[in-house]
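A look at the structure
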Amino acid sequence: MPWWLEVLIKSAILLFVVVTSFAYAMLVERKVLGWMQLRPGPNRVGPWGLMQPAADAAKLMLKEDLTPKTADPLIYKLAPFISLLTAFSVYAVIPFGASSTGATWAIGNVNAGILLILAIASIGVYGISLGGWASGSKYPLLGSVRSTAQMISYELAMALSFVGVLILAGTTSLDGIVNAQLRWWFVVPQFFGFLIYVITAVAETNRAPFDLVEAETELVAGFHTEYSGLRFGLFFIAEYVNMLTVSCIAALLFFGGWNAPFGLTMVPGVVWFILKVCCFMFFYIWLRATLPRLRYDRLMAFGWKVLLPVAVLNLIVTAIVVAYHG
Amino acid sequence: MIAFSILGAILVASAVWTISARKPVYSVVALLVNFATLAVFYVTLSAEFLAVIQIIVYSGAILVLFVFVIALLSSGVAPFSAGPNRLPMIWLPAGIVVLSALVFVIHAIAAAPAPPAPAASPGGPVGAPGVFGSVADFGKALFTVHILPFEVTALILMVAVIGVITLTSEHIPSAASRKSEAQVDREMREAILRGGER
């Protein structure tokens, strides 16, 4: 098979899987939020509300696509695509299972895999900041300024929490990092790194309790106030795909990826990986249902004055321990 | 070579767009395209680490700050209008100088003897350990052979950070006279309560 055909087929399958899991992640989120708040959640469309994502998609597609008069038309239309593109392109390097000779689960097995993910994720902020700016009204602008500040601040701590794992694994390739966790998962020696990662991941995906970017009580809907129809849908997809991405990274870096726990190797590695990702998705939904939104100055102070020093300390301690025992 | 020509064309076009765009945000988008293309260039030169760092540092950090500043300062400001051409016909001598410099450099490179092929030629996939430009090689070179320039650069950045703090701290009340967080909280709560009575 020529390499481009393989890449094409893998991309098509991956696109289908990711979009489908986005649709049902959304349904699960609404259901779980409903149960946690003692209400049934969506249950009208199809049995048990299972066709709700299709109904939502049809609604979004049929809605009118508005562009405000004060908006900058080119950037306004470009921004959702930047968000979606960066959200999806991360999956090019995420391995879902152990790769054997000649066959890899990931589309590209890049040696600087984790760095590439960081790089692509750092471009994701443009979708939100440009979209908010181009809308040409005040609430989206405030939302986008907030998001830029928040994402820059938390990206630092996030990258530092990766470095601890990289020191232990001795490689930047995602395959190598997972293979280094055969003995124990990195969540054990890197517990503080894991805590920092979980907190920064919530902030990076702009979800509650860090969803200051779209805080509806103060900013209407934040950066996507002016967006409607399918363009809003693109932002929406990007948010959930990003949530899926941070769950995948958590499973790969801290929970052994496709490695089976307790020696249960009769279950294929892919199933373990998907299970771990699902646990994280549930955790994020749980957080959203439980915690109230932070105040903005507290969020920034927490990022710079608590998370960053703790991340640096974690890095130094890890480096010293590895230097003396590794 | 085909990839080089296409990438080069995109690179030059986006660079021209960056300086000719009337709206600052368009310049930022063009610069983003420029940086991304440059990263792809690095990959074709098998400098994997440099490519990734190019995106993380330039596109992910520096350019985001540009967007931040533009979003804060320029919303509602009209795009730049074409001003009076203050340097008439400067492009002609400038163009001639740049073109002759380019011709000179290309001629010099073509005339120079071909450099000896590197001993360990980049074989194998891009970024594999031991191959030129990989993360491992880059790190090793940075922390052994080039440790002095690396540390000096770090020092310069440190000086810049301290300088910024000293220059701006005049307008910030010193830490001792600043209100504590708890006090700010209390005042905010009182203000909210007062707001209800108004």
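Residues numbered from 1 in each chain as written. Chains lettered and ligands numbered in written order. Predicted model: local features only at pLDDT ≥ 70, side-chain atom pairs only at ≥ 80, totals over all residues. Heavy atoms only, no water.

**As for the pattern of salt bridges**
Pairing between side chains becomes possible if they bear opposite charge and their charged atoms approach one another. For clarity, the threshold we go by: In what follows, salt bridge is the name for a side-chain nitrogen of Lys or Arg lying within 4 Å of a carboxyl oxygen of Asp or Glu. Elements are defined by DSSP. Helices are runs of H or I of four residues or more, strands are runs of E of two residues or more, and each kind is numbered from the N terminus. When a residue's accessible area, from a 1.4 Å probe over protein chains only, is under 20% of the maximum for its type it is buried; when over 50% it is exposed; and in between it is partly exposed.
Counting across every chain of the model gives three salt bridges over all chains. Residue R30 of chain A is joined to D56 of chain A by a salt bridge in which the shortest nitrogen-to-oxygen separation is 3.0 Å. On the criterion of sequence distance, the pair formed by R30 of chain A in helix α1 (residues 3–36) and D56 of chain A in helix α2 (residues 52–62) is long-range, its members being 26 residues apart. Residue D56 of chain A is classed as buried on the basis of its relative accessible area of 16%. One salt bridge in this structure joins R298 of chain A and D185 of chain B, with 2.3 Å as the shortest N-O distance. Pair noted here: R298 of chain A is in helix α12 (residues 296–325) and D185 of chain B is in helix α7 (residues 181–197), and the two residues belong to different chains.

**Some remarks on the interface of chain A and chain B**
Size of an interface: often given as the accessible area lost when the parts come together. Put simply, the test is: Contacts are assigned to residue pairs with any non-hydrogen atoms lying within 4.5 Å of each other. By buried area we mean the combined loss of accessible area, with a 1.4 Å probe, across both parts when two parts are placed together. Between N or O atoms, a polar contact is any pair within 3.5 Å; within protein, one atom must be a potential hydrogen donor and the other a potential acceptor, and residues adjacent in sequence are included only when both atoms are from side chains. Think of it as three bins: nonpolar holds Ala, Val, Leu, Ile, Met, Phe, Trp, Tyr, Cys and Pro, charged holds Asp, Glu, Lys and Arg, and polar takes everything else, Gly as well.
At the junction of the two partners, chain A supplies 27 residues and chain B supplies 30 residues. Between chain A and chain B the total buried area reaches about 2400 Å² when both faces are included, carbon and sulfur atoms providing 74% of it. At the surface where chain A touches chain B, the tally comes to one salt bridge. Where chain A touches chain B, the interface holds three residue pairs in polar contact (both at pLDDT 80 or more). Listed by contribution, the elements that provide at least two residues to the side of chain A that touches chain B are α3 (73–89), α4 (113–123), α5 (125–134) and α6 (138–169) of chain A. The class makeup of the residues in the side of chain A that touches chain B is 18 nonpolar, five polar and four charged.

**Some thoughts on the confidence of the model for chain B**
Residues and elements named next belong to chain B. For clarity, the cut-off: The quantity known as pLDDT measures the predictor's confidence residue by residue, on a range of 0 to 100.
Per-chain confidence: chain B averages 76 in pLDDT, with 74% of residues scoring 70 or above. Confidence over residues 119–124 falls short of pLDDT 50; this stretch has four contacts with residues more than four positions distant or in other chains. Here the predicted complex carries an ipTM of 0.76, next to a pTM of 0.78.

**Considerations on the packing of α5 of chain A against α6 of chain A**
Residue and element names in this part refer to chain A. Put simply, the test is: Only the stretch in contact is used when fitting a helix axis, every axis being a line fitted to C-alpha atoms; angles between N-to-C directions are given from 0 to 180 degrees. In this scheme, roughly parallel covers angles under 35 degrees and roughly antiparallel covers those over 145, while 65 to 115 is roughly perpendicular and the rest are oblique. Two helices crossing with the near one rotated counterclockwise from the far one by less than a right angle form a left-handed crossing, whereas a clockwise rotation gives a right-handed crossing.
Two elements in contact, α5 and α6, have axes separated by 7 Å at closest approach and are oriented at 155°. Classified by the angle between their axes, α5 and α6 sit roughly antiparallel to one another. The hand of the α5/α6 crossing is left-handed. Note on element contacts: α6 touches α5 through P140, L141, S144, S147, T148 and M151, opposite V125, I128, S129, G132 and W133. By residue class, the composition of the contact of α5 with α6 is six nonpolar, five polar and no charged.

**Focus: the packing of aromatic side chains**
For any pair of aromatic rings, the description consists of the separation of the ring centres together with the inter-plane angle of the planes. Residues and elements named next belong to chain A. Let me state the cut-off plainly: Pairing of aromatic rings covers Phe, Tyr and Trp, the last counted by its six-membered ring, and requires centre-to-centre distances within 6.5 Å; plane angles under 30 degrees mean stacked, over 60 mean edge-to-face, and any other angle means tilted.
In total, this model carries 23 aromatic pairs over all chains according to the counting rule given. Aromatic side chains W185 and F255 sit 5.7 Å apart centroid to centroid with 65° between the ring planes, which places their arrangement in the edge-to-face category. A residue pair is termed long-range when its members are at least 10 positions apart, and W185 in the loop between α7 (174–179) and α8 (191–204) and F255 in the loop between α10 (229–254) and α11 (269–290) qualify at 70 residues. Members of the aromatic cluster, each reached through a chain of ring pairs, are F162, W185, F194, Y197, F254, F255 and F280.

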